[in-house]
Every structure is written in structure tokens, then in C-alpha cells.
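In case you want the letters, here they are:
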Amino acid sequence: MRDVTTAHPVQELDVQPTPLALLLLGRDADPKSERGVECPGDLPSPSDPDLVERARAAKEKLGEKVFVLGHHYQRDEVIQFADVTGDSFKLARDAAARPEAEYIVFCGVHFMAESADILTTADQKVVLPDLAAGCSMADMATAEQVAECWDVLTEAGVAEQVVPVSYMNSSADIKAFTGRHGGTICTSSNAKRALEWAFEQGDKVLFLPDQHLGRNTAVRDMGMTLEDCVLYNPHKPNGGLTAEELRNAKMILWRGHCSVHGRFSVESVNDVRARIPGVNVLVHPECKHEVVAAADHVGSTEYIIKALEAAPAGSKWAIGTELNLVRRLANRFAAEDKEIVFLDKTVCFCSTMNRIDLPHLVWTLESLAEGNLVNRIEVDPETEKYAKLALERMLALP
């Protein structure tokens, strides 16, 4: 028998794993990444029957010293302990409105906690129950990549015409870059107004880091064409674009996306319409352009909630956003005979949001109640200065 193991000797390749590869393999940690690092300490067991009572007792012991924020995409077991719920920017503003709270426990992801730290006072301490609760979209634009992009725009002779607009779902570093270069932050609710403001300041927009929100807002809400938009890929030389393409573009979209909303497809829309006659398809603007075009309604998480609140009894809805929120809304409105289903057949939680669970929350609250500050999120003063400038520009929008 032929020895196949020696027939074709394998050539040794001098390939070094990248920092990102090591991070994904669990063999390294990047403190500046939205993915974060594992939290220290011994977590209570998820099977502990006393977890709910322990969380309640620790929160009561802390009293007015703690303010717990819960993003819409959090688990029900965590949301039950939130003093307020909302989207990322609403929660950051709620935190800023509670200066008497020494501890802000942010049940969300890393960039949200950073925004809360930027907007709260120096005496307040923002805590993230699990430092590994990050955001894959925010990770798709690093400070180094965006600085290189600006160099490309400068070499193409267009940088002076470009105004950066960064989605709230970005790191503090990216918000600071935006502030330094005369740009503003936006949410999924006010993206159109932010773009209108930006085009009053310059001829082009660099939209970070979600290509879909940028494209949908420009084309669907502002009447631009798909040809007005180009896609900057940070993993290609010059972003994969020519100087001429950059000069002709109105919207320079960063090649980033939400891993949850990016899963929805036109097939999902067609399938749910076939299964549920008369269904209203309502999707988040982080979905792909073709999905948004096929939907009946498009809006932020707050828009989705308000639309379902106002919907008539007996109406049917397929929602394209994170499953925790969809399931919570389905349960909430079941008594009103509103049928609410997840747009896709495949279950799709936000994996990093779901890292915040009851054991992490109990560990956090009990640690704080014992006087031990854990998992504090701090933005350095220089970054905070310019990130806050970009956020204040958004707050000043009419």
C-alpha cells in the first residue's frame, strides 16, 4: 500500500496568528476591543435558586447609590432589575440625569458603558457586569483603521470635504475621532437629521461603522441613489476604492454591520408573508437595504415598541430585530390579541448582549454592596473630551 503520508510532504509555512485570531481562539485578550476580557472573580452558579433574591437584596442594600440600566436586548432575568430600560443613547442620558447615583450598572455592551462614562460626572462609576459583553459592529472599526482611512481621503484630495458621522454603536475612540474632525454622532432614530446637518457642513459623509444604517438613511430617507454610496473596506489597500470613486461619492460607507440584523433576508420577508397572510413586516434600519425595501415599516427599537403599542388589536407583525426584545413584546401584547413573531425562522440572540446574565449581575451587585468596585469602565480624559464634543453636536441637532 502506498504511504500517503509521505507522498506529498507538507511545506512548513511561516504564518503568525494575528492578534484577532488569538483573541477569537481565547488565547489572548485585547483590553481596547469591544469584545473585552473575561471578568474576574467567582460567579455564582446559574442553578442557584436564590439568585433572584440575592440580586434583590444586594440592590436594596445599595439603595440610591446604584442605578441599573437595561438595554432592550437584555435577557428578561436581567431586565427585571433595571431601573430604566431603553436603547443605548437613552440609557446613557438617563444615567447622566442621576448624578446622585454613585454606581451606574450598565446591562448592555461595552460601547454603551463608555458613552455613559462620557456623559456622567467624574464622581460616578460606570460598571459593566461582564467585560466580554462587546459589540461585533463596533469592533469592525478601530482607531488605527479609521486614521488610515482619513489618510486615504487626504491623498485623494477629498478629506476637507468630508464630515464624519458615527453611529452610537461605536467605541469611544471612534467617537473621539469624529469629534476631532468636526463630525457628529447619530442614533438609528435621528440618522437622517444627523446626515442633513453633515451635508450642511460639507459635500461628503464618512459614515461609521454600520454600512446598512448609512445606506438605508441616505437612499430611503434622503433620496440619494445607491450609486451615490461607496463601500470602504479597511482590509483592502485604499479601502478598495480609487481616488475617482471617492471624489464622485456622496456617502463613504464603512464596511461594518450588525451580526444580528445582518442575518435577515428578503427570503425571510417572503416566507413570513406566505405563512401569515396580512402580516406587517417591521424591521430595524441596521438590516440590509433589500430587506428594508421589502418591509412595510422601518425604525429603531423605540420606534418598534411605539408602533406595536399603537397597533390595533388583532393585527399581525413580523419583527426584524434582536429576539429578546421580540419575545418580550410578543408576551406583552398577547392579551391584546396582537400576533408578534420573529422575522426569521432561525433563533437569533445577540451573543454579546446575552453575556450579561443573572450570575454576572448578582456578582456585580454583591461586590458593590460589599464595597468592592468591579469592572469599571473608564474613558481617558483626552478621548472623553472629543467624544463628548461629537455627542454634544448630536444633542444640539433640532
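Given the structure is predicted, the values throughout are model-derived calculations rather than measurements.

Student: It is not clear to me how the side chain of D210 should be interpreted in this structure. Could you clarify?
Tutor: Looking at the secondary structure, you find D210 in the loop between β7 (204-208) and α11 (211-221). It turns out D210 is buried and unbridged, and the closest side chain with the opposite charge, R215, is 7.3 Å from it. A polar side-chain atom of D210 sits 3.2 Å from the main-chain amide nitrogen of H212.

Student: Where do I start with the pairing of strand β5 (residues 162-167) in this structure?
Tutor: Working note: regular strand, side chains alternate between the two faces of the sheet. Summarising burial for β5: 6 of the 6 residues are buried, a large majority. Side-chain alternation along β5 places V162, P164 and S166 on one buried face and V163, V165 and Y167 on a second face that is also buried. Pairing analysis gives 5 bridges linking β5 to β7, with the strands arranged parallel. The residue of β7 that forms the bridge with V165 is F207. Bridge analysis of β5 against strand β6 (residues 184-186) gives 3 bridges, and the strand direction is parallel. Paired with Y167 across the strands is C186, a residue of β6. Since β5 and β6 lie parallel, the crossover through helix α9 (residues 172-180) that links them has a hand, and here it is right-handed.

Student: Teacher, can you tell me more about the sheet that holds β6 here?
Tutor: Across a sheet, paired strands are connected by hydrogen bonds in the backbone, their directions being either parallel or antiparallel. Across the sheet, which stays open at both edges, the 5 strands sit in the order β6-β5-β7-β9-β8 with parallel pairing between neighbours. Among the strands making up the open sheet, the edge pair consists of β6 and β8 (229-232). Across the sheet, the axes of successive neighbouring strands diverge by a mean angle of 25°, strand direction being ignored. Docked against the sheet, α9 engages β5, β6 and β7, running at close to 150° with respect to β5. Along the sheet, α11 contacts β5, β6, β7, β8 and β9 (251-254); its crossing angle with β9, the most-contacted strand, is approximately 155°.

Student: Looking at this structure, I do not really get the environment of L397. What am I missing?
Tutor: Among the structural elements, L397 can be located in the segment after α18 (381-395). Remark: the alpha-carbon pair of L397 and R193, spanning 204 residues in sequence, is separated by 7.3 Å. The residues touching L397, leaving out its near neighbours within four places in the chain, are N190, R193, A194 and W197.

Student: Hey, could you run me through unusual backbone geometry in this one?
Tutor: Excluding glycine, a negative phi dihedral is what most residues carry, and trans is how most peptide bonds are arranged. Cis geometry marks the peptide bond from L208 to P209, where omega comes out at -20°. Assignment of secondary structure puts P209 in the loop between β7 and α11. You will see that D337, though not glycine, has its phi angle at about 60°, which is positive. Topologically, D337 is positioned in the loop between α16 (323-333) and β13 (339-342). Look at D337 and you get exposed, because its relative accessible area is 55%. At N375, a position not held by glycine, the phi torsion is positive, near 50°. With respect to the helices, strands and loops of the structure, N375 is situated in the loop between α17 (358-369) and α18.

Rules used throughout
- Numbering of residues begins from 1 in every chain and follows the order in which that chain's sequence is written.
- Totals for whole chains, interfaces and linings use all residues, but because this is a predicted model, local features are given only for residues with pLDDT of at least 70 and pairs of side-chain atoms are given and counted only at 80 or more.
- Excluding hydrogens and water, the side-chain values take into account all heavy atoms of the structure.
- Helix and strand assignments come from DSSP, with helices taken as H or I runs of at least 4 residues and strands as E runs of at least 2, each series counted from the N terminus.
- For the exposure calls, accessible area comes from a 1.4 Å probe over protein chains only, and a residue counts as buried if that area is under 20% of its type's maximum, exposed if over 50%, partly exposed in between.
- A residue counts as positive if it is Lys or Arg and as negative if it is Asp or Glu; His and the chain ends are not included.
- Any Lys or Arg side-chain nitrogen found within 4 Å of a carboxyl oxygen on Asp or Glu counts as a salt bridge.
- Polar contacts here mean pairs of N or O atoms no more than 3.5 Å apart (in protein, one a potential hydrogen donor and the other a potential acceptor; neighbouring residues in sequence count only if both atoms are side-chain atoms).
- When DSSP finds at least two bridges between two strands, those strands are taken to pair.
- Here, the term right-handed applies to a crossover whose path from the first strand over the helix to the second runs clockwise when the strands point away from the viewer.
- What counts as an axis is a line fitted to C-alpha atoms, over the stretch in contact for a helix, and the angles between N-to-C directions run from 0 to 180 degrees.
- Contacts: residue pairs with any heavy atoms within 4.5 Å of one another.

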